[in-house]
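# Commentary on secondary and tertiary structure
Read off the chains here:
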Amino acid sequence: MHYVVNKYPEDYFVCLDALTYAGNYNNIKDLEDKSNYKFVKGDITDKEFIDKLFNEEKFDIVINFAAESHVDNSIKNPSIFLTTNIIGTQVLMDASIKYNIKRYHQVSTDEVYGDLPLDRPDLLFTENTPIHTSSPYSSSKAGADLLVGAYYRTFNLPVTISRCSNNYGPYQFPEKLIPVVISKALRNEKIPVYGNGANVRDWIHVIDHNIGVDMIVRNGKVGEVYNLGGHSERSNLEVVKTILKQMGKSEDLIEFVTDRKGHDLRYAIDSTKVEKELGWKLTYTFEDGIKETVNWYLANTDWIDNILSGDYKEAYKN
Ligand SMILES: NC(=O)c1ccc[n+]([C@@H]2O[C@H](COP(=O)([O-])OP(=O)(O)OC[C@H]3O[C@@H](n4cnc5c(N)ncnc54)[C@H](O)[C@@H]3O)[C@@H](O)[C@H]2O)c1
């Protein structure tokens, strides 16, 4: 939100969020003073509420970031993933048709492509890689992507889709790998690493993801899918060791735990299309990005404490 609200003072933004357990109002509280911004608490699966909001606000662009996004949760309880990620997408697109939205953008994930073998570094996901999912999370995102394609073809809804690799950066909820490692290391707690830690992810700084989405929404071709990747493949173990080293902590904190069910081996993204068509390029190297991110968490231990204590749930006052 900060990226676009600050970059486009002449545009008006409404941030809609249900503030589920993963939503932290503290992250966007400082935007309350901005005259080109408004926050609305609400659920994308609530058809009547969404209809009323679209009617009142007369949006011209809708960007759907809202999702249940944690793979482990999707293995324990798939149902909310199908509701939020698929039905929520349908509700937003139905309202987008009814209120003549000029562009509907779906924020998707590279996980819809499934995984790649560890021993074939030459293979990368392109936009033509078949969808082949592994987890209830990625399946729900893939289901939504297919629905977006269907709304384009059947109803001519002007859509675009972006599929991004693993994000990292400040303000990330401490259930994802990098903030989990930092918050546990700060407390000298054991850091769980799935299996042998060899699974590879392609890491991208959240700002580079946002820049990409913004470019696709403004200049991407309707009906197209664009991959966004970090060109930074690292095994989970490498990521954990890099962070521990920067924090001056011992690798003895690492504890290998039973592997995640259906754990994807490797993600790697080919972003040639968005680079060539729209001129997108990375502004962060993984080395600089991870240094800055670790330093941000170290300087904002109150932010982590506020989440761990559960106090963050009180941040939004209606
Ligand atoms: N984090 C990544 O590495 C990554 C990578 C690629 C794509 N994505 C995609 O980017 C988007 C954002 O990911 P994230 O990591 O910030 O997720 P997150 O789980 O940290 O945050 C999701 C946000 O959506 C809100 N939300 C959940 N259900 C809602 C509902 N029914 N109505 C309205 N709001 C709701 C939550 O309150 C929260 O603020 C998701 O669509 C995800 O699939 C994430």
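Read on for a plain summary of the structure.

## Describing the nonpolar core
Residues I178, V181, I182, V240 and I243 are the most contacted members of the largest nonpolar core, which totals 46 residues. Residues contacting V181, with those up to four places away along its chain left out, are I191, V240 and I243. Listed in part, the ten residues of the second largest apolar core include V112, Y113, Y267 and A268.

## Brief notes about the site of the ligand
Taken together, 23 residues sit near the ligand, with A18, G23, A66, A67 and S69 positioned nearest. Going through the elements one at a time, α4 (79–98), β4 (103–109) and β6 (166–168) are the ones with two or more residues in the shell around the ligand. For the shell around the ligand, the per-class residue count stands at ten nonpolar, nine polar and four charged.

## A short note on unusual backbone geometry
A positive phi angle, close to 50 degrees, is found at L19, a residue other than glycine. Topologically, L19 is positioned in the loop between β1 (13–17) and β2 (37–41). One non-glycine residue, N188, lies in positive phi territory at about 55 degrees. By the secondary structure assignment, N188 is in the loop between α6 (177–186) and β7 (191–194).

## Regarding α6
The set of residues buried in α6 consists of L177, I178, P179, V181, I182 and A185. Check the buried side of α6 and you find it contacts β6, β7, α8 (236–247) and α10 (286–299).

## Quick word on the sheet that holds β4
On the basis of which strands lie adjacent, the open sheet formed by four strands has the order β3-β4-β5-β9 and parallel pairing. Two strands close off the open sheet at either side, each with one partner strand: β3 (61–64) and β9 (225–228). Between one strand and the next, the sheet's axes are offset by a mean angle of 20 degrees, whatever the strand orientation. The pairing of β4 with strand β5 (residues 159–164) spans six bridges and is classified as parallel. The residue bridging S108 from the neighbouring strand is R163, located in β5. Packed onto the sheet, α4 meets β3 and β4 and runs at close to 175 degrees relative to β3. Against the sheet, helix α7 (residues 206–219) contacts β3, β4, β5 and β9, and its axis sits at roughly 160 degrees relative to β5.

## Regarding the sheet that holds strand β8 (residues 200–205)
One open sheet holds the three strands; their spatial order is β6-β8-β10, and the pairing between them is mixed. Each edge of the open sheet is held by one strand with a lone partner, namely β6 and β10 (233–235). On average, each strand axis in the sheet is inclined to that of its neighbour by 50 degrees, with strand direction left out of account. Two elements, β8 and β10, share three bridges in a ladder whose sense is antiparallel. Looking across to β10, one finds that D202 is bridged to E233. Packed onto the sheet, α8 meets β8 and β10 and runs at close to 85 degrees relative to β10.

## A short note on the packing of α8 against α10
Direction vectors running N to C along α8 and α10 enclose 55 degrees, while the axes themselves pass 10 Å from each other. Between α8 and α10, the angle falls in the class oblique. Along this stretch, α8 crosses α10, giving a crossing that reads as right-handed. Here T242, I243, Q246 and M247 of α8 come into contact with α10, specifically with I290, K291 and V294. Counted by class, the contact of α8 with α10 contains four nonpolar, two polar and one charged residues.

## Digging into the pairing of β9
Where burial is concerned, the two faces of β9 agree: the one with V225 and N227 and the one with Y226 and L228 are both buried. Relative to β9, β5 runs parallel, the two sharing four bridges. Among the inter-strand pairings, C164 is bridged to a residue of β9, identified as L228.

How each quantity is defined
Residues numbered from 1 in each chain as written. Predicted model: local features only at pLDDT ≥ 70, side-chain atom pairs only at ≥ 80, totals over all residues. Core = buried A, V, L, I, M, F, W, Y, C linked by C-beta atoms within 7 Å. Buried ≥ 20, exposed ≤ 12 C-beta atoms within 10 Å, placed from the backbone. Contact = placed C-beta atoms within 7 Å. Near = placed C-beta within 6 Å. Helix = DSSP H or I, 4+ residues; strand = E, 2+ residues; numbered from the N terminus. Nonpolar A, V, L, I, M, F, W, Y, C, P; charged D, E, K, R; others polar. Pairing = 2+ DSSP bridges. Axes fitted to C-alpha atoms, helices over the stretch in contact; angles between N-to-C directions. Parallel < 35°, antiparallel > 145°, perpendicular 65-115°, else oblique. Left-handed = near helix turned anticlockwise from the far one by under 90°.

Purely geometric numbers; function is a separate question.
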